[in-house]
Amino acid sequence: MLLRSSAILARSMSLEVRHLLLESKIVISPRNTRGICSVIMNSYHAHKQHVQPAIAFIQYLSTTASVSGAAVNGSSDCGGNRFAPACIEPQLVAKIADIEDLPNHPEKLLIDVREPAELAATGQIPTSINIPLKTLRTELGISSQDFEAKYGRKKPSTDDPIIFSCRSGVRSGQAAMEADQLGFRNVKNYVGSWLEYAAKHDLPV
(Lines give C-alpha, C1' and ligand atoms only; values in the text may rest on other atoms or scores of the structure.)
Protein backbone atom coordinates (compact mmCIF):
# COMPACT_ATOMS: atom_id res chain seq x y z
CA MET A 1 0.00 0.00 0.00
CA LEU A 2 2.85 2.40 0.83
CA LEU A 3 4.51 1.86 -2.56
CA ARG A 4 1.19 2.46 -4.29
CA SER A 5 0.48 5.66 -2.35
CA SER A 6 4.04 6.87 -2.97
CA ALA A 7 3.49 6.48 -6.71
CA ILE A 8 0.21 8.38 -6.51
CA LEU A 9 1.95 11.06 -4.47
CA ALA A 10 4.69 11.47 -7.07
CA ARG A 11 2.15 11.76 -9.90
CA SER A 12 0.32 14.51 -8.00
CA MET A 13 3.38 16.77 -8.09
CA SER A 14 4.35 19.05 -10.92
CA LEU A 15 7.41 18.13 -12.98
CA GLU A 16 9.39 21.05 -11.55
CA VAL A 17 8.75 19.88 -7.99
CA ARG A 18 9.75 16.28 -8.76
CA HIS A 19 13.01 17.57 -10.26
CA LEU A 20 13.59 19.74 -7.19
CA LEU A 21 13.12 16.78 -4.85
CA LEU A 22 15.34 14.51 -6.93
CA GLU A 23 18.10 17.11 -6.87
CA SER A 24 17.73 17.32 -3.10
CA LYS A 25 17.77 13.50 -2.79
CA ILE A 26 14.42 13.56 -0.97
CA VAL A 27 12.38 10.35 -0.89
CA ILE A 28 8.87 10.88 -2.31
CA SER A 29 6.71 9.05 0.21
CA PRO A 30 3.68 9.82 2.39
CA ARG A 31 5.97 9.10 5.34
CA ASN A 32 8.24 11.97 4.33
CA THR A 33 5.70 14.79 4.00
CA ARG A 34 7.56 17.06 6.38
CA GLY A 35 10.84 16.71 4.46
CA ILE A 36 9.13 17.31 1.12
CA CYS A 37 7.38 20.46 2.31
CA SER A 38 10.59 21.71 3.89
CA VAL A 39 12.54 21.43 0.61
CA ILE A 40 9.78 23.13 -1.37
CA MET A 41 9.42 26.00 1.07
CA ASN A 42 13.20 26.50 1.34
CA SER A 43 13.22 26.88 -2.43
CA TYR A 44 10.44 29.45 -2.11
CA HIS A 45 12.43 31.43 0.44
CA ALA A 46 15.51 31.41 -1.81
CA HIS A 47 13.92 31.95 -5.20
CA LYS A 48 10.24 32.81 -4.66
CA GLN A 49 9.43 29.66 -6.64
CA HIS A 50 7.39 26.51 -6.11
CA VAL A 51 4.97 27.98 -3.57
CA GLN A 52 1.90 27.00 -5.60
CA PRO A 53 3.15 23.43 -6.03
CA ALA A 54 3.75 23.35 -2.26
CA ILE A 55 0.16 24.41 -1.62
CA ALA A 56 -1.10 21.85 -4.13
CA PHE A 57 0.94 19.17 -2.38
CA ILE A 58 -0.52 20.04 1.03
CA GLN A 59 -4.04 20.02 -0.42
CA TYR A 60 -3.30 16.67 -2.07
CA LEU A 61 -2.51 15.19 1.33
CA SER A 62 -5.77 16.54 2.69
CA THR A 63 -7.93 15.04 -0.04
CA THR A 64 -6.32 11.59 -0.36
CA ALA A 65 -6.37 10.52 3.25
CA SER A 66 -8.04 7.25 2.35
CA VAL A 67 -4.84 6.23 0.54
CA SER A 68 -2.01 7.97 2.36
CA GLY A 69 -3.65 7.78 5.76
CA ALA A 70 -4.14 4.04 5.47
CA ALA A 71 -0.58 3.63 4.31
CA VAL A 72 0.90 5.44 7.26
CA ASN A 73 -1.64 4.59 9.94
CA GLY A 74 0.24 4.40 13.20
CA SER A 75 3.36 5.99 11.71
CA SER A 76 5.09 9.11 13.02
CA ASP A 77 3.20 11.25 10.46
CA CYS A 78 -0.15 10.44 12.08
CA GLY A 79 0.59 9.43 15.63
CA GLY A 80 -3.02 8.37 16.06
CA ASN A 81 -4.20 11.88 15.20
CA ARG A 82 -7.00 11.96 12.64
CA PHE A 83 -6.42 15.72 12.15
CA ALA A 84 -2.76 15.30 11.10
CA PRO A 85 -2.14 16.56 7.53
CA ALA A 86 -1.13 13.13 6.24
CA CYS A 87 -4.22 11.40 7.64
CA ILE A 88 -7.04 13.93 7.77
CA GLU A 89 -10.32 13.28 5.97
CA PRO A 90 -11.62 15.99 3.61
CA GLN A 91 -14.60 16.92 5.77
CA LEU A 92 -12.25 17.86 8.62
CA VAL A 93 -10.21 20.27 6.47
CA ALA A 94 -10.88 24.01 6.33
CA LYS A 95 -10.12 25.46 2.89
CA ILE A 96 -8.72 28.89 2.15
CA ALA A 97 -12.14 29.95 0.84
CA ASP A 98 -13.56 29.15 4.29
CA ILE A 99 -10.84 31.23 5.91
CA GLU A 100 -11.34 34.23 3.64
CA ASP A 101 -15.08 34.10 4.30
CA LEU A 102 -14.71 34.19 8.10
CA PRO A 103 -15.55 37.93 8.41
CA ASN A 104 -19.03 36.94 7.22
CA HIS A 105 -19.32 34.18 9.81
CA PRO A 106 -18.72 35.50 13.32
CA GLU A 107 -20.07 32.24 14.71
CA LYS A 108 -16.88 30.51 13.50
CA LEU A 109 -13.73 30.91 15.58
CA LEU A 110 -10.27 30.73 14.01
CA ILE A 111 -7.53 29.97 16.53
CA ASP A 112 -3.91 30.44 15.46
CA VAL A 113 -1.75 28.22 17.66
CA ARG A 114 1.64 29.66 16.69
CA GLU A 115 3.81 31.45 19.22
CA PRO A 116 3.28 35.22 19.62
CA ALA A 117 6.77 35.91 18.22
CA GLU A 118 5.81 34.16 14.99
CA LEU A 119 2.72 36.30 14.60
CA ALA A 120 4.74 39.43 15.31
CA ALA A 121 7.10 38.48 12.46
CA THR A 122 4.48 37.54 9.87
CA GLY A 123 1.10 38.97 10.87
CA GLN A 124 -2.03 36.90 11.31
CA ILE A 125 -5.22 35.99 9.49
CA PRO A 126 -8.05 38.51 10.03
CA THR A 127 -10.58 37.51 12.73
CA SER A 128 -8.18 34.97 14.24
CA ILE A 129 -7.19 34.88 17.89
CA ASN A 130 -3.87 33.58 19.14
CA ILE A 131 -3.71 30.74 21.64
CA PRO A 132 -0.31 29.02 21.53
CA LEU A 133 -0.54 25.24 21.32
CA LYS A 134 1.13 24.70 24.68
CA THR A 135 -1.61 26.66 26.46
CA LEU A 136 -4.59 25.50 24.41
CA ARG A 137 -6.02 22.98 26.87
CA THR A 138 -5.84 25.46 29.71
CA GLU A 139 -7.41 28.30 27.73
CA LEU A 140 -10.26 26.18 26.43
CA GLY A 141 -11.01 25.29 30.04
CA ILE A 142 -11.37 28.81 31.44
CA SER A 143 -14.75 30.35 32.11
CA SER A 144 -16.77 31.94 29.31
CA GLN A 145 -16.47 35.32 31.02
CA ASP A 146 -12.69 35.11 31.31
CA PHE A 147 -12.32 33.86 27.74
CA GLU A 148 -14.31 36.74 26.28
CA ALA A 149 -12.48 39.29 28.43
CA LYS A 150 -9.11 37.93 27.34
CA TYR A 151 -9.71 37.31 23.63
CA GLY A 152 -12.61 39.59 22.74
CA ARG A 153 -14.58 36.65 21.37
CA LYS A 154 -17.30 34.46 22.80
CA LYS A 155 -15.95 31.21 24.15
CA PRO A 156 -17.04 28.43 21.81
CA SER A 157 -19.48 25.82 23.05
CA THR A 158 -18.79 22.19 22.32
CA ASP A 159 -20.98 22.46 19.21
CA ASP A 160 -19.64 25.76 17.84
CA PRO A 161 -17.36 25.62 14.77
CA ILE A 162 -13.65 26.04 15.55
CA ILE A 163 -10.87 26.15 12.96
CA PHE A 164 -7.23 25.80 13.96
CA SER A 165 -4.28 27.16 12.00
CA CYS A 166 -0.52 27.43 12.48
CA ARG A 167 2.35 27.78 10.00
CA SER A 168 2.03 24.57 8.03
CA GLY A 169 -0.91 22.59 9.41
CA VAL A 170 1.02 20.32 11.78
CA ARG A 171 0.55 22.13 15.09
CA SER A 172 -3.01 23.03 14.14
CA GLY A 173 -3.65 19.33 13.61
CA GLN A 174 -2.40 18.67 17.13
CA ALA A 175 -4.58 21.50 18.44
CA ALA A 176 -7.65 20.11 16.67
CA MET A 177 -7.02 16.72 18.22
CA GLU A 178 -6.70 18.22 21.70
CA ALA A 179 -9.93 20.21 21.28
CA ASP A 180 -11.66 17.08 20.04
CA GLN A 181 -10.45 15.23 23.13
CA LEU A 182 -11.88 18.00 25.30
CA GLY A 183 -15.31 17.40 23.77
CA PHE A 184 -15.46 20.05 21.04
CA ARG A 185 -17.34 18.31 18.25
CA ASN A 186 -17.17 20.80 15.37
CA VAL A 187 -13.43 21.14 14.80
CA LYS A 188 -11.42 21.56 11.59
CA ASN A 189 -7.76 21.93 10.71
CA TYR A 190 -6.75 24.60 8.19
CA VAL A 191 -4.08 22.38 6.69
CA GLY A 192 -2.77 25.07 4.33
CA SER A 193 -2.38 27.40 7.33
CA TRP A 194 -0.19 30.50 7.18
CA LEU A 195 2.02 29.23 4.34
CA GLU A 196 -0.97 29.00 2.01
CA TYR A 197 -2.65 32.20 3.19
CA ALA A 198 0.57 34.24 3.04
CA ALA A 199 1.43 32.97 -0.43
CA LYS A 200 -1.93 34.01 -1.81
CA HIS A 201 -1.88 37.43 -0.15
CA ASP A 202 1.84 38.16 -0.67
CA LEU A 203 2.67 38.25 3.05
CA PRO A 204 5.85 37.20 4.89
CA VAL A 205 6.21 33.51 5.65
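Residues numbered from 1 in each chain as written. Predicted model: local features only at pLDDT ≥ 70, side-chain atom pairs only at ≥ 80, totals over all residues. Heavy atoms only, no water.

With respect to the side chain of Glu178
Okay, so step 1: By the element assignment, Glu178 lies in helix H10 (residues 170-181).
Okay, so step 2: Excluding residues within four positions of it along the chain, Glu178 makes contact with Leu133, Leu136 and Arg137. (Helix = DSSP H or I, 4+ residues; strand = E, 2+ residues; numbered from the N terminus. Contact = heavy atoms within 4.5 Å.)

Focus: the sheet that holds strand S3 (residues 162-165)
Okay, so step 1: Taken in spatial order, the four strands line up as S2-S1-S3-S4 in an open sheet, and their pairing is parallel. A single partner strand is all that each edge strand has here, and the edge strands are strand S2 (129-130) and strand S4 (187-189).
Okay, so step 2: With two bridges joining them, strand S1 (residues 109-112) and S2 adopt parallel strand pairing. Pairing of Ile111 across the sheet is with Ile129, part of S2. (Pairing = 2+ DSSP bridges.)

Describing the packing of aromatic side chains
Okay, so step 1: All told, the structure shown has two aromatic pairs when counted by the stated rule.
Okay, so step 2: Judged by centre distance (4.9 Å) and plane angle (45°), the ring pair of Phe147 and Tyr151 falls under tilted. You can see Phe147 and its partner Tyr151 sitting in helix H9 (residues 144-151), four residues apart, about one turn around the helix.
Okay, so step 3: For Phe147, a relative accessible area of 0% corresponds to the buried category. (Phe/Tyr/Trp six-rings, centres within 6.5 Å; stacked < 30°, edge-to-face > 60°. Buried < 20%, exposed > 50% of the residue type's maximum accessible area, 1.4 Å probe, protein only.)

Side note on the nonpolar core
Okay, so step 1: Of all hydrophobic cores here, the largest spans 25 residues; its most connected members are Ile111 and Phe164.
Okay, so step 2: Those elements that provide at least two residues to this core are S1, H9, S3 and H10.
Okay, so step 3: Ranked by residue count, the leading element in this core is H10, at four residues.
Okay, so step 4: For Phe164, the contacting residues outside a window of four places in its chain are Leu110, Ile111, Val113, Leu136, Ser172, Ala175, Ala176, Ala179, Val187, Lys188, Asn189 and Tyr190.
Okay, so step 5: Residues Ala94, Ile99, Leu110 and Ile125 belong to the second largest nonpolar core, which totals 11 residues. (Core = buried A, V, L, I, M, F, W, Y, C linked by side-chain atoms within 4.5 Å.)

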